[in-house]
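Descriptive structure summary
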Amino acid sequence: MSFYFEEKPFEKYGKELIKHVNIKVEPGEHIAVIGENGIGKTTLLRSIFNKYEETAYLMEQDLSQFQEFTALDYIMSWYPKLFELKRKITTDYEYISDYIEHNGYEIEERIIRVAKQFALSEEDLDKTLSVLSGGQQTKVALVRAMISQRSLILLDEPTNHLDHEMIDEVVKYINRSNSSLLFVSHHRGFIDLTASHIIEVSPDSTRKFVGNYSQYQSIIDVERQTEARAYEKKQKEIKALESTIQRVQDWHHSAKQSASVRNPLEQKRLSKLAQKAKVKESQLNQKIDKLNTQKPNEDNRHFHFVNQHSVNKKFLVTMKDVSVTINNQIIFNEMNFEIKHNENILLTGPNGSGKSLLIALISQQFAPDEGDVYVTPSLKIAYFDQKNANLDYQSTPLSMLLDMDGMARSQAQTILASFGFDQRKITQPISNLSMGEKSRLQFVLLYFSNPHLLILDEPTNYFDIATQDLILKMLDSFTGQVLIVTHDDYLKSQFEATHWSIENNKLVNVSLTPQEESNVDDTLKLLEDYNSIDEDGHFQTDD
């Protein structure tokens, strides 16, 4: 079955998002939808779902309204009759026969089997969504999509918060699926492995390309180069025509200067020359108007973090023999870790391994059961929260910036515009923004926070690809330290850092050789009585 969606213009709440949407999905196509944050990709998926509700499934990106559901109940709610019977069973066992008659337990077994492919245990399925990590919630949403068995599956950011192993499972699911799939993603590597086609969404239109992201990017690069060359050629032609106009004007001016005002014949001749010059100038200007085209768009945005300061300490953070147990589960067992001055950190590890817990230890929001955590007292930390919990959803983007000390309105408007917020969006409630726009706003706030250490937890989950590249440029110019938690291979390849990985309840410095690791252990022993070592190798304490 083919699926068609056309709307001109495509609007939401009376506001035009896209001038002309024209999407066709053929049977079995796996199409990645890409475009800037806030352009309307999520709204577009929902509109397509509304049109094909009987044959389509839409994976929810935000599960906040289901936080009190258990994971199993949320998945089972795809079957309303069974879900109702399952709830009735908790108070009246007479409904068990009806539940069996509707194959309830067989469907539960199928859900459990699919969930195990995504490393979700039966214990995980019995937990409420509110206690599951972001990665686990994404897995639950994917399991619900997989058991739907609809002809058209619509996925919104299906790799968010997932580790490599789980992303591989999603890749396998998509590649072996016979359903037509339409998925929004900003993960370049994932799109390369799964997409048969790309749909590019812009304010003007939707365009469909054959191939994965790399193939799409090659086509776009050629287009841009062609447009740039055509623009340069037209500019040269315009300059030549302008030069001709100037010569005509000079010629006319010279003739006027030499003509005698008392000679009627010369004045008549001058009048004819003036008419010819005027006609010629008009013709040339018409050619210039036809040649004039808008300069091809270039993303030249580049920002530096303001008022950057550094901390003159060799070790900004050290952890020694740290152990943490939560709900009888060992997360860290005699774990050691450090962040040095002038050293960026790349942190990886499976979902649920303790990456967010490590961030909580560094920011001193959580204390270990055993071991020592030392954070330089003067260290100022800025944290990018993947759930955007540090935003005031009732406020507006402009108001949040104006609440910062010394912030001028013009400065706030300029930086917000540079991050894609137009005049309408800067004055609307943050709750109305897309997930990508909320993440961009959070990064704008970090821009003005003057940190020594910047902690970014999965920063590329909701950023469009152009904004990802902008942030990489900003990080490259940042003079402080950066700790990034990510599963994005592209981001890792572009970010020079010491790579630490959580393995077997410990942190392992992947960048070190075994011999170097032993040297780190020796250094940590030396630091038992001292807080830091200066650049000359002398021990010093922190005031």
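Note that this is a predicted model, so its numbers are computed, not measured.

Rules behind the numbers
Residues numbered from 1 in each chain as written. Predicted model: local features only at pLDDT ≥ 70, side-chain atom pairs only at ≥ 80, totals over all residues. Heavy atoms only, no water. Helix = DSSP H or I, 4+ residues; strand = E, 2+ residues; numbered from the N terminus. Buried < 20%, exposed > 50% of the residue type's maximum accessible area, 1.4 Å probe, protein only. Phe/Tyr/Trp six-rings, centres within 6.5 Å; stacked < 30°, edge-to-face > 60°. Lys NZ or Arg CZ within 6 Å of the ring centre and 35° of its normal. Pairing = 2+ DSSP bridges. Axes fitted to C-alpha atoms, helices over the stretch in contact; angles between N-to-C directions. Contact = heavy atoms within 4.5 Å.

1. Some points on the overall build of the chain
- Broken down by element type, the chain carries 18 helices and 21 strands.
- Across the 543 residues in the chain, those meeting the buried criterion constitute 49%.

2. A few points about unusual backbone geometry
- Cis geometry marks the peptide bond from lysine 8 to proline 9, where omega comes out at -5°.
- Residue placement: proline 9 occurs in the loop between strand E1 (3-7) and strand E2 (10-12).
- Positive phi, normally seen in glycine, also occurs at asparagine 103, with a value near 60°.
- Looking at the element boundaries, asparagine 103 is found in the loop between helix H4 (96-101) and helix H5 (104-117).
- Given a relative accessible area of 42%, asparagine 103 falls into the partly exposed group.
- We note that glutamate 157 has phi near 50°; this positive angle belongs to a residue other than glycine.
- You can see glutamate 157 is positioned in the loop between strand E7 (152-156) and helix H8 (164-176).
- According to the relative accessible area criterion, glutamate 157 is buried, its value standing at 5%.

3. Some words on the packing of aromatic side chains
- Summed over all chains, the structure comprises eleven aromatic pairs.
- When the ring of phenylalanine 69 is compared with that of phenylalanine 83, the centres are 5.8 Å apart and the planes differ by 15°; the resulting orientation is stacked. Remark: phenylalanine 83 occurs in helix H3 (residues 80-89) and phenylalanine 69 occurs in the loop between strand E6 (56-58) and helix H2 (71-76); sequence separation between them is 14 residues. The exposure classification of phenylalanine 69 matches that of phenylalanine 83, with both residues buried.
- One aromatic cluster is present, built from ring pairs that chain together Phe66, Phe69, Tyr74 and Phe83.
- Sitting over the ring of tyrosine 490, arginine 188 keeps its end group 3.6 Å from the ring centre.

4. Focus on the sheet that holds E7
- The six strands are arranged E6-E7-E8-E5-E9-E10 in an open sheet whose pairing can be described as mixed. This sheet does not close on itself; its edge strands, each paired only once, are E6 and strand E10 (206-210). Each neighbouring strand pair of the sheet contributes to a mean axis angle of 20°, computed without reference to strand direction.
- Pairing between E7 and strand E8 (residues 180-184): five bridges, direction parallel. In the sheet register, isoleucine 153 faces E8, and the bridge partner there is leucine 181.
- Contacting strand E5 (30-35), E6, E7, E8 and strand E9 (197-201), helix H1 (residues 41-51) runs over the sheet at an angle of about 160° to E7.
- Helix H7 (residues 134-148) contacts E6 and E7 of the sheet and is inclined by roughly 175° relative to E6.

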